[in-house]
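# Overview (structure and organization)
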Amino acid sequence: MSRPLLEGRNITVRFGRGANAFEAVRDASLSLNPGEIVGVVGESGSGKTTLARVLVGLQPAAFGTVLWEGKQVAEPDSRERVPKNERWKVQMVFQDPYSSLNPRMRAWSAVAEALQVWRGLTRKQAQAESFSLLQSIGIDESQARRFPKALSGGQRQRVSIARALAPEPRVLIADEPTSAIDQSAQARLANLLRRLRSERNLAILFISHDLALVRYLTSRVHVMRRGRIVEAGPTETVLRKPRHAYTRVLLDSLPGRRGMGSAAFLPPIRGG
Ligand SMILES: Nc1ncnc2c1ncn2[C@@H]1O[C@H](COP(=O)(O)OP(=O)(O)O)[C@@H](O)[C@H]1O
Ligand SMILES: [Mg+2]
């Protein structure tokens, strides 16, 4: 196995102070190898987003360390999880692409803006590159000229992914990217993530409620409950033979358990 690209060790995150202190993430460890898709599942409020925000550098941890290629990137309790000049290496896309896209910017322009910022392209270069990047992820020229509200949920999610890809990251954290879109769009998005992984050797942390998608995409999965990772291992093993009672209960409560999820649209290939 190759050296982890991104690793969180014994991460604890606290919100509030004193008697109101609350640990949203407790002693959670997780690593991501180059070109690997790793899953995180867990009920709402279990700490998935908070853990992801620590890994991407948006949230300081009370304890624990984040490592990039084996090197500690920040002290606990520091806002600088990933050094600023390396921030581009880890990008995150959020559940609701509507909130992360400027409603007054056409899709191509939102992506071009990111390309100008991150790659130092001229306006003209960024415009051409934006259309080509969007095209490569299934947004054609006429869709690229629309405002976010004139796009479908799946198209908006792909525009956010294009923006996240602008700095050519090595890690993409996708936080429930499929929860706001319909099933056929979910299947397209899942296939896009697989393609990004194989074409760009992109490592992806895939946070989801949909076990069919987790099974399709990921090689390893982490199960979170009340801030803790209660179970982790190869996806097939965890989903087929969960060791913990909680995992069994959770698995039964999530969509996709009995083949009713988005996998109905997907060819029977296992995430690798
Ligand atoms: N900025 C914050 N301040 C206080 N509590 C928060 C904050 N962000 C998240 N939480 C709480 O932390 C817990 C974990 O939230 P979150 O990481 O969003 O869970 P998930 O993504 O698994 O639904 C929840 O109880 C949530 O209300
Ligand atoms: Mg969340």
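The model shown is predicted, which means the values in this text are computed figures rather than measured ones. (Residues numbered from 1 in each chain as written. Chains lettered and ligands numbered in written order. Predicted model: local features only at pLDDT ≥ 70, side-chain atom pairs only at ≥ 80, totals over all residues.)

Okay, the sheet that holds strand E8 (residues 203-207) next. Pairing is mixed across the open sheet formed by six strands, whose spatial order is E6-E7-E8-E3-E9-E10. Lying at the two open borders of the sheet, with one neighbouring strand each, are strand E6 (90-93) and strand E10 (228-234). Strand-to-strand twist in this sheet, taken as the mean axis angle between neighbours without regard to direction, amounts to 15°. Two strands pair when backbone bridges link them, and E6 and strand E7 (residues 171-175) are joined in this way by four bridges, in the parallel orientation. Considered in E7, the bridge of Met92 is made with Ile173. Running at roughly 160° to E7, helix H1 (residues 48-56) makes contact with strand E3 (37-42), E6, E7, E8 and strand E9 (220-225) of the sheet. (Pairing = 2+ DSSP bridges. Helix = DSSP H or I, 4+ residues; strand = E, 2+ residues; numbered from the N terminus. Axes fitted to C-alpha atoms, helices over the stretch in contact; angles between N-to-C directions. Contact = placed C-beta atoms within 7 Å.)

For the rest of this paragraph, the subject is the site of ligand 1. As a structural note, the neighbourhood of ligand 1 is formed by Phe15, Ala24, Gly42, Ser44, Gly45, Ser46, Gly47, Lys48, Thr49 and Thr50. Tallying contributions element by element places H1 first for the shell around ligand 1, with three residues. Residue composition of the shell around ligand 1, by class: two nonpolar, seven polar and one charged. (Near = placed C-beta within 6 Å. Nonpolar A, V, L, I, M, F, W, Y, C, P; charged D, E, K, R; others polar.)

Attention shifts here to the pairing of E7. Counting buried residues along E7, five of its five residues qualify, which places the element largely inside the surrounding structure. For E7 and E8, the ladder comprises five bridges, and the chain directions are parallel. Note on E8: the bridge partner recorded for Val171 is Ala203. In this fold, E7 hands off to helix H7 (residues 183-200), which returns the chain to E8; that crossover is right-handed. (Buried ≥ 20, exposed ≤ 12 C-beta atoms within 10 Å, placed from the backbone. Right-handed = clockwise from strand over helix to strand, strands pointing away.)

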